[in-house]
Structures are given as C-alpha cells and as structure tokens.
Amino acid sequence: MKQVNYHIILASNSPRRKELLSGLDIEYEVRTLPDIDESYPETLPQDEVAEFLARKKATAYLSVLKDNELLITADTIVLLNDKIYGKPMDNADAKRMLRDLSGQTHRVITGVCLTSTQKKVVFSDTAHVTFSDLSDEEIEYYVEKYRPMDKAGAYGVQEWIGYVAVKHIEGSYFNVMGLPIHRVYEEIVASFGVRVAR
C-alpha cells in the first residue's frame with residue numbers, strides 16, 4: 001500500500017486516550033467539538049452501541065475534515081447483565097454502578113472509527129473484567145477521592161480501584177483504559193498506509 005503522511009486528529013479530551021495514542025510515537029492533534037449527541041436507538045443491539053457512537057462522533061467532524069487528515073473517534077461502554085453502564089450522572093450514581101460491578105465479571109467494549117475524506121474503518125474490541133468484592137467504604141473512598149464522572153462504569157482501571165479490585169482481565173488492558181491501541185495501530189498502518197516506526 002502507498003505510504004501516506006496523514007495529519008492525525010484525536011477527537012477526544014480523554015487523558016487516557018491521549019496517553020495511549022502518544023505511546024505509538026506518532027504526532028497528532030487533539031480536536032474536539034462541543035455538545036456532540038451521544039444518544040443511540042434503544043433497539044440497537046448492546047454490543048453495537050460503542051461502534052455506533054464512535055461512528056456518530058466522526059460524522060460531526062466530516063464538514064471540517066481536510067483531505068490530509070485522519071480522524072480517530074472512540075466510545076467505551078461497560079456491560080453487565082444486559083445493562084449498559086455509561087458515565088455516571090453524579091457521585092451517588094457512580095457508587096451504585098460500582099456496587100453493581102463488585103464481585104462480578106463485566107464486559108468493556110470500545111468502538112473506534114477511523115475516518116478520512118476517502119474512507120471510514122469502524123471496529124470494536126472487547127475485554128472481560130472481573131472485580132473482587134468491594135466494601136461500601138472502598139467504593140466511598142474511590143468515588144470521593146478520584147471522582148470518576150468521566151468514565152464508563154464509574155472507574156478507571158489505571159487508578160486505585162484497578163490496583164485493589166481488578167482480579168482478572170481477559171483481553172486488552174488498554175481497551176479497558178479506553179482505546180484498543182494495538183488495533184488502532186494495525187488499522188492506521190494496514191487500512192490507511194500511515195507510516196509508523198519506519
């Protein structure tokens with residue numbers, strides 16, 4: 001495939017996604033738009049929601065995307081017992097989510113959309129995460145100290161709760177953080193011809 005020098009745009013303010021993309025040693029720019037609608041049809045199969053939202057976010061940028069730009073959008077959801085856990089509304093909601101996840105195995109699905117003016121590649125990655133039992137005191141401590149309001153399922157695996165409560169992960173740790181960076185790397189090289197480590 002022809003090698004292309006795309007200007008890569010990360011459409012996310014997430015510190016975790018910035019950290020992960022920076023780990024690929026590629027130059028990129030963060031560009032975000034305010035108030036992107038993150039709703040989805042209630043009839044949509046749950047394991048398709050993350051891809052749907054990543055694609056929906058990308059659509060909002062199409063009118064301002066230039067020919068030499070490659071846009072990365074992503075969305076992460078947590079699934080437990082056929083229920084989607086997005087970002088908590090407040091501290092009480094975060095604590096409720098963590099009580100639900102305590103002692104259970106849940107799925108973390110991150111959908112990714114890679115978009116240029118010529119093509120679009122959409123994929124998702126799934127990890128299964130098993131939590132140990134959390135006490136009310138531990139949940140209270142984590143939510144009050146770390147305030148995980150910007151995180152699906154009300155937790156960040158790279159934070160204190162990941163150290164004390166995550167017993168097992170089947171799948172990509174980085175996917176649980178918010179971006180399956182190994183898949184992103186594969187796709188920007190294979191599908192878009194981006195030059196990395198050459």
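What comes next concerns the included structure. (Residues numbered from 1 in each chain as written. Predicted model: local features only at pLDDT ≥ 70, side-chain atom pairs only at ≥ 80, totals over all residues. Heavy atoms only, no water.)

1. What about the pairing of strand β5 (residues 105-115)?
Moving on, step 1. In terms of burial, β5 is a largely internal element, nine of the 11 residues being buried.
Moving on, step 2. Where strand β3 (residues 69-80) and β5 come together, nine bridges link them in antiparallel fashion. The residue bridging Asp 75 from the neighbouring strand is Gly 111, located in β5.
Moving on, step 3. Two strands pair when backbone bridges link them, and β5 and strand β6 (residues 120-131) are joined in this way by 11 bridges, in the antiparallel orientation. Counted as the bridge partner of Arg 107 is His 128 from β6.
Moving on, step 4. The hairpin turn running from β5 into β6, its antiparallel successor, is four residues long. (Buried < 20%, exposed > 50% of the residue type's maximum accessible area, 1.4 Å probe, protein only. Helix = DSSP H or I, 4+ residues; strand = E, 2+ residues; numbered from the N terminus. Pairing = 2+ DSSP bridges.)

2. Observations regarding the pattern of salt bridges
Moving on, step 1. Within the structure shown, the criterion is met by 13 salt bridges.
Moving on, step 2. The structure contains a network of salt bridges with shared partners spanning Arg 16, Asp 150, Lys 151 and Glu 159. (Salt bridge = Lys/Arg side-chain N within 4 Å of Asp/Glu carboxyl O.)

3. Details of the side chain of Ser 191
Moving on, step 1. Assignment of secondary structure puts Ser 191 in the segment after α7 (181-190).
Moving on, step 2. For Ser 191, a relative accessible area of 15% corresponds to the buried category.
Moving on, step 3. Within the structure, the side chain of Ser 191 is placed 2.7 Å from the side chain of Glu 187, a separation counted as a polar contact. (Polar contact = N/O pair within 3.5 Å; in protein donor to acceptor, adjacent residues only side chain to side chain.)

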